[in-house]
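Below, each chain spelled out in residue letters.
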Amino acid sequence: MNALVALCHFCELHGPRTLFCTEALHPPSPTPSSQAGVAVPGDRDRDVDRDGEGLTMRANSSATQRGEMCEGCRSLPASHPGFVSIDDETGIRFLSHQHPRQPQLFSVVRQACVRSLSCEVCPGREGPIFFGDEQHGFVFSHTFFIKDSLARGFQRWYSIVMVAMDRIYLINSWPFLLRHLRLTIHSLQSTALKVFDTEQGICPQRAARMNSAFSPAVFPHQRSGNAARSLTSLTQHPNLWASLHSSFSWLLKACGSRLTEKLLEGAPTEDTLVLIERQTEEQEEMSCWEGAEGDGQKSHHHQSESKLGLNFLCDDAYLNELPGPQFRSLRHLRQVLGAAEFRQLAWHVLMGNQVIWRGADSGLIQSAFTVLKSLLPVGCVRSVPYSAQYEEAYKCNFLGLSPDVPIPAHVSSSEFSVLMDVTTERSGQSTAVGEDDICSLYQFTISSANTQPVDRGPTLLNKLEVALSNENLSVDVVSHCLLCLKEEWMNKVKVLFKFSKVDGRGREDTQKILALLGATGPGEEDNVRLLKYWMTGLSKTYKSHLMTAVRGGERSPSQ
């Protein structure tokens, strides 16, 4: 992690001072010349400088800084070589001394130290706070007090700051940093408290100060004498700085490895956003169930259902665990059902009607759903893979039923649903069969009350059938073709949503937009139904972003 950790102290004589600093030095990336074994001018100087870093620490070598330091402002003597730790896995060096070795970092840490112990303080003067800017870096600071029997108010003020240029990374690490820095602070405070109690037992300072005569001439000398106590003296810890070096080095290493960056090629798709939102909702819902008392069995049941639903949506490899024959692809499903039955089934899927499969082989039904759900955006998929009772259409648009479950009359007579009955062929032999033997094992009967012709549109289905019927195209090519078609129509959905829902345009403007999007002409009614249905699959993130942008645009002219 490209960050720096420092322990700061407010000296009563010299103000805010940096006591101890740990920084991470990343290994240089190899150059082509160095890989070929050719010496590059300046490499020897850099190697010598790297070998000596942590040993010289030129930042605190000036006579001016040494003259302005008291015992309370100094951690390590000028002759101390400092501390160096090397991570064998990454080659990163963790260097610790009183000040950073680079002048630029010295000024950044100095400013963070001053601000953390003066103006940037949380209520009560003890606790965490975040501040900073792009120019001087961002700072996570935690201020705290250390007991001192000789100090004014019997305590001294310290802070631990972490400085980084990445604001988002530092904010995301807030809980982690707070938890582990509090352990270090508590260790320092508890050690110093024992020393404080011992000193107070030997010579109580409160009574001595109350009985001593106050004189303006003597006060500066008294204050000067009490101000020069080091942190080592306050804690009586012989290896204090080595211990802090280990703690800070571990903190930098652990904080850098707990979060990783991922390269996203372009903006995330709507399917990705919806999956992220659903995963977040699943985690929040599971935490609520786990926090409920006395619902352990119910929580376990809900967890299994959530896992099944998540696998159905996200993990096609889950089908490999299912026994029996399965549908492998849209082309395989089309070959088994036939071109006419497949088009009718795919039409109902794209229009948002409820698709019901009823049969005894739950694995075959789930494989059919996994293949069919690839026709839709993830946000439009609501599934009950296999159930012993009928579920209403508002709960799911994919429903698997056992063979003895009756279909309600209002569903069987509705044009907004389609039923696929899967029955076992009596002539089938009870021998081991492969995936290609589905036709010989099962009989498929499709039924629907819909009277509207399904051979006109939508345009997406027409193009998909052309790709499926072309045997020269492999299954992977057809999958990429379907992905491109879905992205094309999701972009049209976004435009239509912006004009019709956000801007509130009239019917004439909407018709012009549909013509511009290529949704008019043959199959226009099906294209419009598809666009309106796919609007329900837009992510909440996109809708919220769009509404915020529109409101901001409406607000700006008045301002």
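None of these values were measured; they are calculated from a predicted model.

Going through the model one piece at a time under the given rule, you end up with 14 salt bridges. Its salt-bridge partner being Glu270, residue Lys494 comes within 3.6 Å of it at the nearest N-O pair. With Lys494 in helix H19 (residues 475–502) and Glu270 in helix H11 (residues 270–291), this pair connects stretches of sequence that are 224 residues apart. Here Glu465 makes a salt bridge to Arg334, at a shortest N to O gap of 3.6 Å.

Next up on the list: unusual backbone geometry. For Gln236, which is not glycine, the phi torsion reads 55° and is therefore positive. With respect to the secondary-structure elements, Gln236 resides in the loop between helix H9 (231–235) and helix H10 (240–258).

The strand order across the open sheet formed by five strands is E9-E10-E8-E11-E12, and the pairing between neighbours is mixed. The sheet is open, and its two edges are formed by strand E9 (383–387) and strand E12 (442–447), each paired on a single side. For this sheet, the mean inter-axis angle between neighbouring strands, taken without regard to orientation, is 15°. Relative to strand E10 (residues 398–401), strand E8 (residues 354–358) runs parallel, the two sharing four bridges. Considered in E10, the bridge of Ile356 is made with Leu399. Helix H14 (residues 339–351) rests against E8, E10, strand E11 (417–424) and E12 of the sheet, and its axis sits at about 135° to E11.

The seven strands are arranged E3-E4-E2-E1-E7-E6-E5 in an open sheet whose pairing can be described as antiparallel. Because the sheet does not close on itself, it has two edges, and the strands there are strand E3 (83–86) and strand E5 (127–133). If you compare each strand with its neighbour and ignore which way they point, the axes differ by 20° on average. Where E3 lies against strand E4 (residues 93–97), four bridges are found, and the strand directions are antiparallel.

Along E10, one buried face is formed by Phe398 and Gly400 and the opposite face, lined by Leu399 and Leu401, is buried too. Sheet analysis places E9 next to E10, joined by three bridges and oriented parallel. Bridging across to E10, Ser387 finds its partner in Leu401.

For Leu496, the position within the fold is in helix H19. Beyond its immediate sequence surroundings of up to four residues, Leu496 is in contact with Lys501, Thr510, Leu514, Leu531 and Met535.

So, on to the packing of helix H13 (residues 330–337) against H14. Between H13 and H14, the shortest axis-to-axis distance is 6 Å and the interhelical angle comes to 125°. As judged from the angle between their axes, H13 and H14 are oblique. The interaxial crossing formed by H13 with H14 has right-handed handedness. Mapping the contact onto sequence places Leu330, Leu333, Arg334 and Leu337 in H13 and Ala339, Glu341, Phe342 and Leu345 in H14. Residue classes in the contact of H13 with H14 are distributed as six nonpolar, no polar and two charged.

What follows is about H13. Of all the eight residues making up H13, seven are buried; the element is thus mostly covered by neighbouring parts of the structure. Buried within H13 are the following residues: Leu330, Arg331, His332, Leu333, Arg334, Val336 and Leu337. Positive backbone phi, at 105°, marks Gly338, one or two positions downstream of H13.

Next up on the list: the packing of H14 against helix H21 (residues 524–535). One can describe the packing of H14 onto H21 by two numbers: an axis separation of 8 Å at closest approach and a directional angle of 50°. When the interaxial angle is binned, H14 and H21 end up oblique. Here Trp347, Val349, Leu350 and Met351 of H14 lie close against H21, whose contacting residues are Asp526, Arg529, Leu530, Tyr533 and Trp534. Split into classes, the residues belonging to the contact of H14 with H21 amount to seven nonpolar, no polar and two charged.

Bringing the environment of Arg93 into the picture now. Tracing the backbone through its elements, the reader meets Arg93 in strand E4. Residues Arg93 and Ala24, 69 residues apart in the sequence, show an inter-C-alpha distance of 5.7 Å.

Within strand E6 (residues 137–147), 10 of the 11 residues are buried, which leaves it mostly tucked inside the rest of the structure. With seven bridges connecting them, E5 and E6 associate as antiparallel partners. Along E6, the bridge assignment pairs Asp133 with Gly137. Relative to strand E7 (residues 155–164), E6 is paired through 10 bridges, and the arrangement is antiparallel. When the sheet's bridge partners are listed, Thr143 is paired in E7 with Ser159.

Following the sequence through the fold, Ser329 ends up in the loop between helix H12 (296–314) and H13. Judged by its relative accessible area of 14%, Ser329 is buried. When neighbours within four sequence positions are excluded, Ser329 is seen to be in contact with Val371 and Val475.

Buried within helix H18 (residues 459–469) we find Leu460, Leu461, Leu464, Glu465, Ala467 and Leu468. Buried residues of H18, viewed axially, fall in a sector of 160°; they line one side.

Another point: the packing of aromatic side chains. Under the definition given, this model contains 14 aromatic pairs. Aromatic pair Phe145 and Trp157: ring centres 6.1 Å apart, planes at 20°, arrangement stacked. Of this pair, Phe145 sits in strand E6 while Trp157 sits in strand E7; the two residues are 12 residues apart in sequence, bridging distant segments of the chain. On the basis of relative accessible area, Phe145 is assigned to the buried category, the value being 16%. Site record: aromatic cluster; members linked through ring pairs are Phe20, Phe83, Trp241 and Phe248. Across the ring face of Trp489, the terminal group of Lys492 is positioned such that the distance to the ring centre comes to 4.0 Å.

Rules behind the numbers
- Residues numbered from 1 in each chain as written.
- Predicted model: local features only at pLDDT ≥ 70, side-chain atom pairs only at ≥ 80, totals over all residues.
- Heavy atoms only, no water.
- Salt bridge = Lys/Arg side-chain N within 4 Å of Asp/Glu carboxyl O.
- Helix = DSSP H or I, 4+ residues; strand = E, 2+ residues; numbered from the N terminus.
- Pairing = 2+ DSSP bridges.
- Axes fitted to C-alpha atoms, helices over the stretch in contact; angles between N-to-C directions.
- Contact = heavy atoms within 4.5 Å.
- Buried < 20%, exposed > 50% of the residue type's maximum accessible area, 1.4 Å probe, protein only.
- Parallel < 35°, antiparallel > 145°, perpendicular 65-115°, else oblique.
- Left-handed = near helix turned anticlockwise from the far one by under 90°.
- Nonpolar A, V, L, I, M, F, W, Y, C, P; charged D, E, K, R; others polar.
- Arc of directions from axis to C-beta.
- Phe/Tyr/Trp six-rings, centres within 6.5 Å; stacked < 30°, edge-to-face > 60°.
- Lys NZ or Arg CZ within 6 Å of the ring centre and 35° of its normal.

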